[in-house]
Amino acid sequence: MKSKLRTIIDTLPQTGTLVSIAIRPTKRAPLVYQEEVELNTEEGIVGLHYHSSNGKRQVTLILEEHLRGVAQMIGLPKVDPLLTRRNLLIKGINLLAFKGRTFYVGETLLEMTGPCEPCSRMEDNFGPGGYNAMRGHGGICARVIKGGTIRTGDVVRLAPVEDSKPM
């Protein structure tokens, strides 16, 4: 029998929305928006310069809601999501609730592999304090479990327990 806390963790009634998709086609190039991209288990995001079959950082996701907080901390009216260097901008669902679980973006199945910690480029991109403002707000990293095409506007939701690996 599951504990009450385990039942709560396994139940996430909210769904989110994929707000935007960004990729970097070549190393050190600026990110560019895409309306849709293909995901697969070998490369992660097809067309992205970074490929990793070990998968721990095939896809990076960040919450739109966190960007508002980051902007306030560094005294900007808003933060350009491209400057965060994350692939998927999501709104409406707590990405950290995916810890140890799989989740859907559209019909693709991803597995959270850990937090996406900020790098020193956040200081360059946002100015003094940018790195520390992003700490705890850098989003998550994921690996592709089941590929397919994702599109702006797709639903983001926790996968049922039977689709997830045990923690």
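The rules we used
- Residues numbered from 1 in each chain as written.
- Predicted model: local features only at pLDDT ≥ 70, side-chain atom pairs only at ≥ 80, totals over all residues.
- Heavy atoms only, no water.
- Helix = DSSP H or I, 4+ residues; strand = E, 2+ residues; numbered from the N terminus.
- Rg over C-alpha atoms; globule rule 2.2 N^0.38 Å.
- Buried < 20%, exposed > 50% of the residue type's maximum accessible area, 1.4 Å probe, protein only.
- Contact = heavy atoms within 4.5 Å.
- Areas by Shrake-Rupley, 256 points an atom, 1.4 Å probe, with all protein chains shown as cover.
- Lys, Arg positive; Asp, Glu negative; His and termini not counted.
- Charge placed at Lys NZ, Arg CZ, Asp CG, Glu CD.
- Salt bridge = Lys/Arg side-chain N within 4 Å of Asp/Glu carboxyl O.
- Pairing = 2+ DSSP bridges.
- Patch = residues over 30% accessible without salt bridge, like charges linked within 9 Å, V, L, I, M, F, W, Y side chains within 5 Å.
- Arc of directions from axis to C-beta.

(A) Molecular detail of the overall build of the protein chain. Each helix and strand counted, the protein chain has 4 helices and 11 strands in total. Over its C-alpha trace the protein chain gives a radius of gyration of 16 Å, about what one expects of a compact globule, namely 15 Å for 167 residues. With respect to the three principal axes, the spread of C-alpha positions in the protein chain is 50 × 35 × 25 Å. A total of 167 residues make up the protein chain; the buried ones form 43% of that total. For the protein chain, the proportion of contacts with a sequence separation of at least 24, taken over those separated by at least 6, is 75%. Element-wise, carbon and sulfur atoms account for 54% of the exposed surface of the protein chain, whose accessible area totals about 8800 Å². When the 22 positive and 17 negative side-chain charges of the protein chain are each reduced to one mean point, those points stand 6 Å apart.

(B) Here's a closer look at the side chain of arginine 24. One can find arginine 24 in the loop between strand E1 (16–23) and strand E2 (32–34). Aspartate 80 provides the closest opposite charge to the buried, salt-bridge-free arginine 24, at an N-O distance of 11 Å. Sequence-distant contacts of arginine 24, defined by excluding residues within four places in its chain, comprise Ala29, Pro30, Leu31, Gly47, Leu48, His49 and Arg85.

(C) Structural view of the sheet that holds strand E3 (residues 36–40). The strand order E4-E3-E10 describes an open sheet built from 3 strands, whose pairing is antiparallel. The strands lining the two open edges of the sheet, one partner per strand, are strand E4 (44–45) and strand E10 (148–151).

(D) Summary view of the pattern of salt bridges. Per the counting criterion, the structure on display carries 6 salt bridges. Notably, a salt bridge pairs arginine 151 with glutamate 36, separated by 3.1 Å at the nearest N-O pair. Of this pair, arginine 151 sits in strand E10 while glutamate 36 sits in strand E3, and the two are 115 residues apart along the sequence. Residue classification places arginine 151 among the partly exposed residues on the basis of a relative accessible area of 39%. Between arginine 68 and glutamate 64 there is a salt bridge, with its nearest N and O atoms 3.8 Å apart. A residue pair is termed a helical-turn pair when its members lie 3 or 4 positions apart in one helix, as arginine 68 and glutamate 64 do in helix H2 (residues 64–74) at 4 residues. Its relative accessible area of 52% is what places arginine 68 among the exposed residues. Relative accessible area serves as the criterion here: at 22%, glutamate 64 is assigned to the partly exposed category. The network of salt bridges with common partners includes Lys2, Arg6, Asp10 and Arg101.

(E) Quick peek at the environment of valine 70. Its place among the elements puts valine 70 in helix H2. For the pair valine 70 and tyrosine 131, spaced 61 residues apart in the sequence, the C-alpha separation amounts to 9.8 Å. In this structure valine 70 touches Val79, Ala133, Met134 and His137, once residues within four positions along its chain are discounted.

(F) Focus on a nonpolar patch on the surface. A surface patch of nonpolar side chains, about 280 Å² in accessible area, is lined by Leu5, Ile8 and Ile9. Assignment of secondary structure puts isoleucine 9 in helix H1 (residues 4–9).

(G) H2, seen in detail. Taken residue by residue, H2 has Leu67, Val70, Ala71 and Ile74 as its buried positions. Buried residues of H2 fall within an arc of 100° about the axis and therefore sit on the same side. More than 90 degrees from the buried face of H2, the exposed residues found are Arg68 and Gln72. Lining the buried residues of H2 we find strand E5 (59–63), strand E6 (88–91), helix H3 (121–126) and helix H4 (130–134). Immediately downstream of H2, the backbone of glycine 75 shows phi near 75°, a positive value.

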